[in-house]
Amino acid sequence: MKLYYEVYGQGEPLLLIHGNNSSMASFNNQLEILSKKYKVIGLDSRGQGNSSSNDTKLTYELMADDVNVFLDKMNLKNVNILGWSDGGNIAVILGMEHPDKVKKMAIMGTVLYNNETSVDPKINKILNQQVNEMNANGISENDMNYRLKILLLTEPNINPDSLKKIQAPTLVMAGEHDVMPEKHTKLIADKIPNGKMLIFKGGNHEAPQNMPEKFNKAILEFFEKI
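The structure contained in this document is the topic of the report that follows.

The rules behind the values
Residues numbered from 1 in each chain as written. Predicted model: local features only at pLDDT ≥ 70, side-chain atom pairs only at ≥ 80, totals over all residues. Heavy atoms only, no water. 1 Å grid on protein atoms, 1.4 Å probe; cavity = no way out; pocket = protein on both sides within 12 Å on 5 of 7 lines; lining within 4 Å. Points joined across faces, edges and corners; volume = space filled by probe spheres on them. Helix = DSSP H or I, 4+ residues; strand = E, 2+ residues; numbered from the N terminus. Pairing = 2+ DSSP bridges. Right-handed = clockwise from strand over helix to strand, strands pointing away. Salt bridge = Lys/Arg side-chain N within 4 Å of Asp/Glu carboxyl O. Buried < 20%, exposed > 50% of the residue type's maximum accessible area, 1.4 Å probe, protein only. Contact = heavy atoms within 4.5 Å.

**What about empty space enclosed by the protein?**
Okay, step 1: The tally for this structure, following the rule as stated, stands at one cavity of 30 Å³ or more.
Okay, step 2: Computed from the structure, the largest cavity encloses a volume of approximately 40 Å³.
Okay, step 3: Lining the largest cavity, in full, are Leu3, Leu43, Asp44, Ser45, Arg46, Met63, Asp66, Val67 and Ile90.
Okay, step 4: The leading source of residues in the lining of the largest cavity is helix 2 (residues 60–73), at three residues.

If you want it as structure tokens, here you go:
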């Protein structure tokens, strides 16, 4: 399995981890401004973008392990991380399992589990409809789009109390109209020992793309704060 990445700029390493069925290109509104101050590493998660995959069952733990191995290969420890959606889920698990790898992390639109308290039921209804359509059309269960939909429906499964293992200062962000209720974002921020919550007023799950100035300002202020 091969992971694709690109590097921009110089300075402290800042790793970007994208959302479900996407690629590092989703951070196109962040790359230029962040790379002026950081060595920005854009990574495509397994089976997405230009990264390959295998038949191993997709879990966020597996993807966090991918990132851990990637950081070892790059000889990187103590990196800053910006994770969006799935990327936030992956960053949380990395921060729990490998606290030495994460200096600070900013996570956007992250969930600990998928139920009616953490995800808008309309989202799961749409996902289930899409999976049913794929089944009806004879799409293979090994198809990456299919596997990524199942991942969203069945993962992650993180115990909120296990977030206390995260040592990195963490900015927990979401849009005012995000796919998860504010109380779930607050739960994550409260359970991380050095966690802080930020809600983008008027924003949704796509805040990094549709309100980049506000989003980038918040990211830079957080990472640059001593």
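**Considerations on the pairing of strand 7 (residues 195–200)**
Okay, step 1: Examined bridge by bridge, strand 6 (residues 170–175) and strand 7 share six bridges and lie parallel to one another. Within the sheet, the bridge partner assigned to Leu171 lies in strand 7 and is Lys196.
Okay, step 2: For the crossover that starts at strand 6, traverses helix 6 (residues 182–191) and ends in the parallel strand 7, the hand is right-handed.

**Re the pattern of salt bridges**
Okay, step 1: Summed over the entire model, instances satisfying the criterion amount to ten salt bridges.
Okay, step 2: We note a salt bridge from Glu224 to Lys37, for which the minimum N-O separation is 3.2 Å. With a gap of 187 residues between them, Glu224 in helix 8 (residues 212–224) and Lys37 in the loop between helix 1 (31–34) and strand 3 (38–43) connect regions that are remote in the sequence.
Okay, step 3: Owing to a relative accessible area of 37%, Glu224 belongs among the partly exposed residues under this scheme.
Okay, step 4: We classify Lys37 as partly exposed; its relative accessible area is 48%.
Okay, step 5: For Lys122, the salt bridge identified is with Asp120, shortest N-O distance 3.4 Å.
Okay, step 6: Overall, Lys122 belongs to the exposed group, its relative accessible area being 58%.

**Observations concerning the environment of Val111**
Okay, step 1: Looking at the element boundaries, Val111 is found in the loop between strand 5 (102–108) and helix 4 (121–136).
Okay, step 2: The sequence separation of Val111 and Ile188 amounts to 77 residues, and the corresponding C-alpha distance is 8.0 Å.
Okay, step 3: For Val111, the contacting residues outside a window of four places in its chain are Asn89, Ser118, Val119, Pro156, Met180, His184 and Ile188.

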